[in-house]
Amino acid sequence: MDDIEVKSQQAAVDGAELIIVATPWAVTLATLDALKIPSQTVILDITNPLSPDVSELVVGGKTSAAEEVARCLGSTRVVKAFNGINAANLDNPAFAGSQAQIPFCGDDAGAKDVVRKLIEEVGFVALDCGELKNARYLEAMAMLWIQLAFVEGYGMHCAFRLSCS
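Now for a description of the structure that goes with this document. Everything quoted here is computed from the prediction, not taken from an experiment. (Residues numbered from 1 in each chain as written. Predicted model: local features only at pLDDT ≥ 70, side-chain atom pairs only at ≥ 80, totals over all residues. Heavy atoms only, no water.)

Some points on the overall build of the protein chain
Part 1 of the reasoning: The helix and strand tally for the protein chain stands at five helices and seven strands.
Part 2 of the reasoning: For the protein chain, the N- to C-terminal ordering of α and β elements is α-β-α-β-α-β-β-β-β-α-β-α.
Part 3 of the reasoning: Whereas a compact globule of 165 residues would reach a radius of gyration of roughly 15 Å, the protein chain reaches 16 Å, a difference of no more than 12%.
Part 4 of the reasoning: Along the longest, intermediate and shortest principal axes, the C-alpha atoms of the protein chain span 40 × 35 × 35 Å.
Part 5 of the reasoning: Looking at the 165 residues of the protein chain, the share that counts as buried comes to 38%. (Helix = DSSP H or I, 4+ residues; strand = E, 2+ residues; numbered from the N terminus. Rg over C-alpha atoms; globule rule 2.2 N^0.38 Å. Buried < 20%, exposed > 50% of the residue type's maximum accessible area, 1.4 Å probe, protein only.)

Below, the structure is given as C-alpha coordinates:
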(Lines give C-alpha, C1' and ligand atoms only; values in the text may rest on other atoms or scores of the structure.)
Protein backbone atom coordinates (compact mmCIF):
# COMPACT_ATOMS: atom_id res chain seq x y z
CA MET A 1 0.00 0.00 0.00
CA ASP A 2 3.01 2.32 -0.20
CA ASP A 3 1.86 3.48 -3.66
CA ILE A 4 -1.34 5.12 -2.42
CA GLU A 5 -1.27 8.86 -1.95
CA VAL A 6 -4.28 10.96 -1.01
CA LYS A 7 -4.42 14.40 -2.62
CA SER A 8 -6.88 17.21 -3.01
CA GLN A 9 -8.64 17.43 -6.37
CA GLN A 10 -6.46 20.39 -7.38
CA ALA A 11 -3.25 18.65 -6.35
CA ALA A 12 -4.30 15.59 -8.35
CA VAL A 13 -4.75 17.59 -11.56
CA ASP A 14 -1.62 19.72 -11.17
CA GLY A 15 0.94 18.34 -13.61
CA ALA A 16 -1.31 15.51 -14.85
CA GLU A 17 -0.95 14.55 -18.51
CA LEU A 18 -4.41 13.01 -18.60
CA ILE A 19 -7.47 13.57 -16.44
CA ILE A 20 -10.39 11.16 -16.62
CA VAL A 21 -13.73 12.82 -15.95
CA ALA A 22 -15.93 10.12 -14.42
CA THR A 23 -18.37 12.08 -12.29
CA PRO A 24 -22.17 12.03 -12.22
CA TRP A 25 -23.34 14.54 -14.82
CA ALA A 26 -25.17 16.67 -12.25
CA VAL A 27 -21.86 17.69 -10.64
CA THR A 28 -19.45 17.46 -13.57
CA LEU A 29 -19.33 21.06 -14.77
CA ALA A 30 -19.25 22.56 -11.27
CA THR A 31 -16.44 20.17 -10.28
CA LEU A 32 -14.37 21.04 -13.35
CA ASP A 33 -15.11 24.76 -13.07
CA ALA A 34 -13.62 24.78 -9.55
CA LEU A 35 -10.29 23.37 -10.79
CA LYS A 36 -7.41 25.10 -12.51
CA ILE A 37 -6.51 22.57 -15.20
CA PRO A 38 -3.40 23.32 -17.28
CA SER A 39 -4.21 23.93 -20.96
CA GLN A 40 -1.93 21.12 -22.20
CA THR A 41 -3.76 18.47 -20.14
CA VAL A 42 -5.76 15.86 -22.05
CA ILE A 43 -9.30 15.54 -20.68
CA LEU A 44 -10.87 12.11 -21.20
CA ASP A 45 -14.62 12.53 -20.73
CA ILE A 46 -16.38 9.26 -20.00
CA THR A 47 -19.53 10.86 -18.60
CA ASN A 48 -23.02 10.47 -19.96
CA PRO A 49 -25.49 13.26 -19.22
CA LEU A 50 -28.09 10.99 -17.63
CA SER A 51 -31.20 12.08 -15.78
CA PRO A 52 -31.25 11.10 -12.08
CA ASP A 53 -33.46 8.10 -12.84
CA VAL A 54 -31.25 7.10 -15.81
CA SER A 55 -34.23 7.17 -18.16
CA GLU A 56 -32.96 9.81 -20.58
CA LEU A 57 -30.14 12.12 -21.60
CA VAL A 58 -30.48 15.64 -20.22
CA VAL A 59 -28.07 17.08 -22.79
CA GLY A 60 -28.20 16.26 -26.47
CA GLY A 61 -29.22 17.18 -29.95
CA LYS A 62 -27.28 20.37 -30.55
CA THR A 63 -24.56 19.73 -27.97
CA SER A 64 -23.15 16.95 -25.80
CA ALA A 65 -21.71 16.48 -22.34
CA ALA A 66 -18.23 16.39 -23.90
CA GLU A 67 -18.80 19.67 -25.73
CA GLU A 68 -20.08 21.24 -22.52
CA VAL A 69 -16.97 20.01 -20.68
CA ALA A 70 -14.78 21.55 -23.40
CA ARG A 71 -16.71 24.81 -23.20
CA CYS A 72 -16.48 24.86 -19.38
CA LEU A 73 -12.72 24.34 -19.47
CA GLY A 74 -12.05 26.48 -22.54
CA SER A 75 -10.13 23.47 -23.86
CA THR A 76 -9.81 21.81 -27.24
CA ARG A 77 -8.06 18.81 -25.66
CA VAL A 78 -11.26 17.03 -24.58
CA VAL A 79 -11.77 13.52 -25.94
CA LYS A 80 -14.95 11.47 -25.48
CA ALA A 81 -14.37 7.72 -24.98
CA PHE A 82 -15.26 4.77 -22.75
CA ASN A 83 -18.78 6.13 -22.19
CA GLY A 84 -20.53 3.22 -23.92
CA ILE A 85 -19.10 0.30 -21.98
CA ASN A 86 -19.76 -0.78 -18.44
CA ALA A 87 -16.85 -0.53 -15.99
CA ALA A 88 -17.37 -4.20 -15.12
CA ASN A 89 -16.30 -5.06 -18.68
CA LEU A 90 -13.05 -3.10 -18.76
CA ASP A 91 -10.94 -6.05 -17.65
CA ASN A 92 -12.18 -8.27 -20.49
CA PRO A 93 -12.25 -6.58 -23.92
CA ALA A 94 -13.49 -9.71 -25.76
CA PHE A 95 -17.16 -10.03 -26.64
CA ALA A 96 -18.48 -12.97 -28.67
CA GLY A 97 -14.97 -13.95 -29.67
CA SER A 98 -13.70 -10.57 -30.85
CA GLN A 99 -12.25 -7.48 -29.25
CA ALA A 100 -14.76 -4.75 -28.46
CA GLN A 101 -14.32 -1.35 -30.00
CA ILE A 102 -14.12 1.83 -28.00
CA PRO A 103 -15.38 4.73 -30.12
CA PHE A 104 -13.71 8.05 -29.39
CA CYS A 105 -13.84 11.57 -30.76
CA GLY A 106 -12.17 14.92 -30.22
CA ASP A 107 -10.87 18.04 -31.93
CA ASP A 108 -7.17 17.84 -30.99
CA ALA A 109 -5.11 15.23 -32.86
CA GLY A 110 -2.50 14.96 -30.11
CA ALA A 111 -5.12 14.46 -27.40
CA LYS A 112 -6.88 11.83 -29.52
CA ASP A 113 -3.56 10.04 -29.97
CA VAL A 114 -3.07 9.83 -26.19
CA VAL A 115 -6.56 8.36 -25.76
CA ARG A 116 -6.16 5.99 -28.73
CA LYS A 117 -2.99 4.58 -27.12
CA LEU A 118 -4.81 4.15 -23.79
CA ILE A 119 -7.69 2.32 -25.49
CA GLU A 120 -5.27 -0.04 -27.23
CA GLU A 121 -3.09 -0.57 -24.14
CA VAL A 122 -6.07 -1.86 -22.16
CA GLY A 123 -6.89 -4.31 -24.96
CA PHE A 124 -9.70 -2.69 -26.95
CA VAL A 125 -9.86 -1.65 -30.60
CA ALA A 126 -9.86 2.13 -30.98
CA LEU A 127 -12.53 3.50 -33.36
CA ASP A 128 -11.88 7.14 -34.29
CA CYS A 129 -15.27 8.80 -34.74
CA GLY A 130 -13.99 12.22 -35.81
CA GLU A 131 -14.52 15.58 -34.20
CA LEU A 132 -15.86 16.27 -30.71
CA LYS A 133 -19.34 17.21 -31.91
CA ASN A 134 -19.80 13.51 -32.69
CA ALA A 135 -19.89 12.92 -28.93
CA ARG A 136 -23.60 13.77 -29.32
CA TYR A 137 -24.03 10.44 -31.08
CA LEU A 138 -21.71 8.46 -28.80
CA GLU A 139 -23.74 9.63 -25.81
CA ALA A 140 -26.96 8.61 -27.55
CA MET A 141 -25.41 5.19 -28.29
CA ALA A 142 -24.57 4.87 -24.59
CA MET A 143 -28.20 5.57 -23.73
CA LEU A 144 -29.23 2.85 -26.20
CA TRP A 145 -26.70 0.48 -24.58
CA ILE A 146 -28.24 1.18 -21.15
CA GLN A 147 -31.72 0.48 -22.50
CA LEU A 148 -30.65 -2.75 -24.20
CA ALA A 149 -28.62 -3.99 -21.24
CA PHE A 150 -31.04 -3.18 -18.43
CA VAL A 151 -34.51 -2.68 -19.89
CA GLU A 152 -34.50 -5.12 -22.81
CA GLY A 153 -32.56 -7.75 -20.85
CA TYR A 154 -29.42 -8.19 -22.96
CA GLY A 155 -27.24 -7.84 -19.85
CA MET A 156 -24.10 -5.84 -19.27
CA HIS A 157 -21.64 -8.03 -21.19
CA CYS A 158 -22.27 -6.55 -24.62
CA ALA A 159 -20.71 -3.89 -26.81
CA PHE A 160 -21.31 -2.17 -30.14
CA ARG A 161 -18.99 -2.90 -33.05
CA LEU A 162 -18.76 -1.20 -36.43
CA SER A 163 -17.87 -3.54 -39.27
CA CYS A 164 -17.26 -2.16 -42.73
CA SER A 165 -16.35 -3.88 -45.98
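Details of the packing of aromatic side chains
Part 1 of the reasoning: Applying the stated criterion to the full structure yields two aromatic pairs.
Part 2 of the reasoning: On the numbers, 6.4 Å between centres and 85 degrees between planes, the contact of Phe82 with Phe124 is edge-to-face. Highlighted residues: Phe82 in the loop between β3 (78-80) and β4 (94-95) and Phe124 in the loop between α4 (109-121) and β7 (125-128), separated in sequence by 42 residues.
Part 3 of the reasoning: With relative accessibility at 3%, the residue Phe124 sits in the buried group.
Part 4 of the reasoning: Measuring from centroid to centroid gives 6.0 Å for Trp145 and Phe150, while their planes differ by 80 degrees, and the two rings are edge-to-face. (Phe/Tyr/Trp six-rings, centres within 6.5 Å; stacked < 30°, edge-to-face > 60°.)

Digging into the sheet that holds strand β1 (residues 18-21)
Part 1 of the reasoning: Spatially, the five strands line up as an open sheet ordered β1-β2-β3-β6-β7, and their pairing is mixed. Of all the strands in the sheet, the pair left with one neighbour each is β1 and β7. Looking at each pair of strands side by side, their axes are set apart by 30 degrees on average, direction ignored. (Pairing = 2+ DSSP bridges. Axes fitted to C-alpha atoms, helices over the stretch in contact; angles between N-to-C directions.)

Re the layout of surface pockets
Part 1 of the reasoning: Of the volumes computed, that of the largest pocket is approximately 650 Å³.
Part 2 of the reasoning: With four residues, the top contributor of residues to the lining of the largest pocket is helix α5 (residues 135-151).
Part 3 of the reasoning: Per-class residue counts for the lining of the largest pocket are 21 nonpolar, seven polar and no charged. (1 Å grid on protein atoms, 1.4 Å probe; cavity = no way out; pocket = protein on both sides within 12 Å on 5 of 7 lines; lining within 4 Å. Points joined across faces, edges and corners; volume = space filled by probe spheres on them. Nonpolar A, V, L, I, M, F, W, Y, C, P; charged D, E, K, R; others polar.)

Notes on the side chain of Lys112
Part 1 of the reasoning: By the element assignment, Lys112 lies in helix α4.
Part 2 of the reasoning: Non-local contacts of Lys112, meaning those with residues more than four positions away in its chain, are made with Val79, Phe104, Gly106, Asp128 and Gly130. (Contact = heavy atoms within 4.5 Å.)

Observations regarding a nonpolar patch on the surface
Part 1 of the reasoning: On the surface, Phe150, Val151 and Met156 cluster together to form a nonpolar patch covering roughly 290 Å² of accessible area.
Part 2 of the reasoning: With respect to the helices and strands, the residue Phe150 is situated in helix α5. (Patch = residues over 30% accessible without salt bridge, like charges linked within 9 Å, V, L, I, M, F, W, Y side chains within 5 Å. Areas by Shrake-Rupley, 256 points an atom, 1.4 Å probe, with all protein chains shown as cover. Salt bridge = Lys/Arg side-chain N within 4 Å of Asp/Glu carboxyl O.)

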